[in-house]
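An overview of the molecular structure
Here is how the chains run, residue by residue.
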Amino acid sequence: LASLIDVKLDRISLDLPNGEHLTEEFAKINPRQTVPVLDHNGFMLTESHTIMRYLCNVTNRSDPFYPLDPKVRAEVDQYLDWYYLGLREPSIAVYGQLRRQMYPNVKIQQWDKHSNSVEMYKEL
């Protein structure tokens, strides 16, 4: 989205299969140890949909991706929320069964530590 709305970003890749996002160093950037993360002049955001909305808001552009019209924007938000709650969360349950086989180099306790979002937020 950033390139489509002419926002320049410096991308940093992490070695997710080997748990680079689960390191203490990355926890200083994002205590939840998830990606993506946006650092906009020291203003830190996580969650892809939040980042997309923020980038559209700071550019104050009206385009097909996130129109300024409140009703049309609400329809986009509705879809983004449905995707997250209706599709992404159930797919995580399926992926959870496969993750240990897919990422054998990541210690099991690293995955288990972050498998319960509510408990994770309590730790913060």
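Residues numbered from 1 in each chain as written. Predicted model: local features only at pLDDT ≥ 70, side-chain atom pairs only at ≥ 80, totals over all residues. Heavy atoms only, no water.

**Considerations on the nonpolar core**
Rule in force here: By nonpolar core is meant a set of buried Ala, Val, Leu, Ile, Met, Phe, Trp, Tyr and Cys residues that side-chain atoms within 4.5 Å join together. Think of it in three bands: with a 1.4 Å probe and only protein chains considered, a residue is buried below 20% of the maximum accessible area for its type, exposed above 50%, and partly exposed in between. Working definition: helices are DSSP H or I runs of at least four residues, strands are E runs of at least two. Numbering for both runs from the N terminus. Any two residues whose heavy atoms approach within 4.5 Å at even a single point are treated as in contact.
One finds Ala2, Ile5, Val7, Leu38, Leu45, Ile51, Tyr54, Leu55, Cys56 and Tyr66 forming the largest nonpolar core, which totals ten residues. At four residues, helix α2 (residues 48-59) tops the list of elements feeding residues into this core. Ignoring anything within four residues of it in the chain, the contact list for Leu55 reads Ala2, Ile5, Val7 and Leu38.

**With respect to the packing of aromatic side chains**
Spelled out, the test is: Ring pairs shown here join Phe, Tyr and Trp side chains whose ring centres sit within 6.5 Å, with only the six-membered ring taken for Trp; geometry is labelled stacked below 30 degrees between planes, edge-to-face above 60, and tilted in between.
This structure, assessed with the given rule, holds two aromatic pairs. Seen in terms of ring centroids, Phe43 and Tyr54 are 5.3 Å apart; in terms of plane orientation they differ by 40°. Their pairing is tilted. Taken together, the positions of Phe43 in strand β2 (residues 43-46) and Tyr54 in helix α2 put the pair eleven residues apart, joining distant regions of the chain. Given a relative accessible area of 18%, Tyr54 falls into the buried group. Centre to centre, the rings of Tyr79 and Trp82 are 5.8 Å apart; their planes meet at 35°, and the pair counts as tilted. With Tyr79 and Trp82 both in helix α3 (residues 70-102) and three residues apart, this pair spans about one turn of that helix.

**Notes on the confidence of the model for the chain**
When pLDDT is low, close inspection of the predicted coordinates is not appropriate. Put simply, the rule is: Summary of the metric used: pLDDT quantifies the predictor's per-residue confidence within the range 0 to 100.
On average, residues of the chain carry a pLDDT of 79, and 77% of them reach 70 or more. The least confident element of the chain is helix α5 (residues 117-123), whose mean pLDDT is 45; the most confident is strand β1 (residues 37-40), at 93. Predicted confidence is poor over residues 114-124, with pLDDT under 50, and the contacts of this stretch with residues over four places away or in other chains come to ten contacts.

**Remarks on the pattern of salt bridges**
Test applied: Here a salt bridge means any side-chain nitrogen of Lys or Arg lying within 4 Å of a carboxyl oxygen belonging to Asp or Glu.
For the coordinates displayed, the defined rule picks out three salt bridges. The shortest N-O distance in the salt bridge between Arg32 and Glu47 comes to 3.7 Å. Taken together, the residues span a long stretch of sequence, with Arg32 in the loop between α1 (24-29) and β1 and Glu47 in the loop between β2 and α2 at a distance of 15 residues. A relative accessible area of 15% means that Arg32 is categorised as buried. Between Asp81 and Arg53 there is a salt bridge, with its nearest N and O atoms 3.2 Å apart. Residue Asp81 is found in helix α3, and its partner Arg53 is found in helix α2; the two are separated by 28 residues along the sequence. By relative accessible area, which is 39% here, Asp81 ends up partly exposed. Salt bridges linked by common partners bring Arg53, Asp77 and Asp81 together as one network.

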